[in-house]
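Examination of the molecular architecture
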Amino acid sequence: MNGGERIAEALCAHRVTHLFTLCGGHISPLLVAAKRRGIRVVDTRHEAAAVFAADATSRLSGTTGVAAVTAGPGLTNALTALKNAQVAQSPLVLLAGATATALKERGALQDIDQLAVVAPHVKRLIAARRVRELAFAVHQAFRVATEGVPGPVFVECPADLLYPRSTVEAWYGVAAPRASNESAGSFTRWLLRGHVRRLFAGGDRAPGVVAPSAPPAPDSGSVRRTAALLRTSRRPVLLLGSQAVQAGCAPETLRQAVEALGLPVFLSGMARGLLGQRHPLLLRHRRSAALREADLVLLLGVPCDFRLSYGRAINPEAKRVAVNRSAADARLNSRPAVLSVGHPGLFLVHLAQRGTSDPQRWADWARDLRARDQARAAEIESLARQETEFVNPLRLCQAIEAVLPDDSVIVADGGDFVGTAAYLISPRRPLSWLDPGPFGTLGVGAGFALGAKLHRPHAEVWILYGDGSLGFSLAEFDSFVRHRLPVIAVVGNDAGWTQIGRAQTALLGDDVATVLSRTDYERAASGLGACGLRVERSEDLEPALAQAQTLARQGNAVLVNVWLGKSDFRADSISL
């Protein structure tokens, strides 16, 4: 077995079903071996898309997604997606090829100090230097990716560890038997023969699988203190983030805990959809007002970062409970009354099991919050009826919301339009909303959709694109077509980087570098083998979306290019 086969064998031990990649000579043996073992190799048009797809696999499946990229620029192209996974605390394993060990720092193709480049963006670096180390490195990477605060792990695999020994000996010029009269260069050949022998020594031994670690459980003291705070609270608010639905806590169990506690709740990230569309405890609007008036705020997997105005959005007199897998995030810009480092979902389940919650105590508060929520929804409904030059963006979001099936996944990739969509489009169940996370990365759309559609092949996968963000991954429609993945993409085309341009023009009086064209994106998608539709008028929305769904059911990837009119709905939305 060569090193590529050893890695493929280790991936099978972890039940990896898909390997996302962009090919390169440094990693070819790995890709071939993975295919031979029944792992589906999914190649993309950019390395970032491959890593985004692995990230989406991790988020949706509760397992660890895997991507493989070639050396040098293959790796550097993947860095943004790798950093996005780190900031979003998403576990994944990135395998990267590297220059052959004996050729390092000798001017080899694509030879850079990869470990130095990657170090700030991963939980751990693992650099294999012998064939026998490859499988153990993979097993170790899977464990590290999920323990403690989840995140990406990098495994460097030099090319001369992956190819067969005979091929490596030929590279180094030591394949032929040593001649009796060998003289010139004989010492170098002797050294290289020894080097190859050491590379492959013990490579036929397979290590045992390293067992994954269990998610960290909450300490009973913090649960007890939180229960005591609940007994005296009259205006509590619960904020649930992505960590709450990570592997280790079943969404249905978490939903039952939320219902048992009876707390008014705001959901974000992957937790969106936990309570369905119209649950009486679910709040979607006026979060800032609720936090300013609350006397108890439970931050479960939600740090006090820019999304909560660095903690200033919360009533300074309110008691705070911060539960996070990261101690640093639990303390970020905050001094919580209760701090627990562990799985937020498990914390909530343990809290509910104490049976000390009394929703009647805050019934009036919950009623007021629901009334505000409904009033804001009515305001948005009124704004959606306003006429604009082309399609009102709120009206587009309403149309999408109306046709989404129960089994659907929404991928959010954009600024102003996607921010608007978050107000109106509701995932039908948990683990059905994919956005970049706190890094705010544009370009996640196609990669996330690849991972989502492969993990949930029967779900209707929608990408909500801004016309700016579409430019990062438009070429991946070729990938959708080649891999026969019928996703539906809707492009909110307002001919600009509107979230930036609106604020820039207001503050600085210049829209420089924020203006785009009403490009025929549907024609570009058609040229890549997908189906393209264009909508310029509101009355054409429903027929176009229905046609897109029909085309997707027939096995086609579809892009719907919707021309949007100007809107000030999110006029104060820029975050810094």
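Quick look at the structure, then. Here the structure is a predicted model, which means the values were calculated and not measured.

**With respect to the environment of Ser 233**
Here Ser 233 is to be found in the loop between helix 11 (220-232) and strand 7 (236-240). You can call Ser 233 buried: its relative accessible area is 2%. Separated by 129 residues in sequence, Ser 233 and Trp 362 have C-alpha atoms that sit 7.5 Å apart. Contacts of Ser 233, omitting those with residues within four sequence positions, involve Asp 295, Leu 296, Arg 361 and Trp 362.

**Regarding the pattern of salt bridges**
Scanning all chains against the criterion turns up 30 salt bridges. Between Lys 104 and Asp 111 there is a salt bridge, and its shortest N-O distance comes to 2.8 Å. Across the pair Glu 293 and Arg 372 runs a salt bridge whose closest N-O atoms are separated by 2.6 Å. Of this pair, Glu 293 sits in helix 13 (residues 287-293) while Arg 372 is found in helix 16 (residues 363-384), placing the two residues 79 residues apart along the sequence. It is possible to trace a salt-bridge network through shared partners that takes in Asp 520, Glu 522, Arg 523, Arg 534 and Glu 536.

**A word on the sheet that holds strand 17 (residues 531-535)**
Spatially, the six strands line up as an open sheet ordered 14-13-15-16-18-17, and their pairing is parallel. Only two strands of the sheet have a single neighbouring strand rather than two, namely strand 14 (433-434) and strand 17. In this structure, strand 13 (residues 408-413) lies alongside strand 15 (residues 460-466), joined through six bridges in parallel fashion. Bridging from a neighbouring strand, Ile 410 pairs with Trp 462 of strand 15. Taken strand by strand, helix 17 (residues 393-403) contacts strand 15, strand 16 (488-493) and strand 18 (558-563), and its axis lies near 170 degrees from that of strand 15. This element, helix 19 (residues 445-455), spans strand 13, strand 14 and strand 15 of the sheet and lies at about 175 degrees to strand 15.

**Structural notes on the nonpolar core**
In this structure, Leu 240, Leu 348, Phe 477 and Phe 480 are the most contacted members of the largest nonpolar core, which totals 103 residues. The element best represented in this core is helix 3 (residues 47-61), accounting for eight residues. When neighbours within four sequence positions are excluded, Leu 348 is seen to be in contact with Leu 238, Leu 240, Leu 254, Ala 257, Val 258, Leu 261 and Leu 300. Counting residues in hydrophobic clusters, the runner-up holds 42 residues, among them Ile 126, Leu 134, Val 153 and Leu 161.

**Focus on the environment of Thr 21**
Take Thr 21: it is sitting in strand 1 (residues 18-21). Between the alpha carbons of Thr 21 and Val 42 there is a distance of 6.2 Å; along the sequence they are 21 residues apart. Among residues more than four places away in sequence, those in contact with Thr 21 are Ile 27, Leu 31, Val 41, Val 42, Asp 43, Thr 44, Ala 50 and Ala 68.

So, how was this worked out
- Residues numbered from 1 in each chain as written.
- Predicted model: local features only at pLDDT ≥ 70, side-chain atom pairs only at ≥ 80, totals over all residues.
- Heavy atoms only, no water.
- Helix = DSSP H or I, 4+ residues; strand = E, 2+ residues; numbered from the N terminus.
- Buried < 20%, exposed > 50% of the residue type's maximum accessible area, 1.4 Å probe, protein only.
- Contact = heavy atoms within 4.5 Å.
- Salt bridge = Lys/Arg side-chain N within 4 Å of Asp/Glu carboxyl O.
- Pairing = 2+ DSSP bridges.
- Axes fitted to C-alpha atoms, helices over the stretch in contact; angles between N-to-C directions.
- Core = buried A, V, L, I, M, F, W, Y, C linked by side-chain atoms within 4.5 Å.

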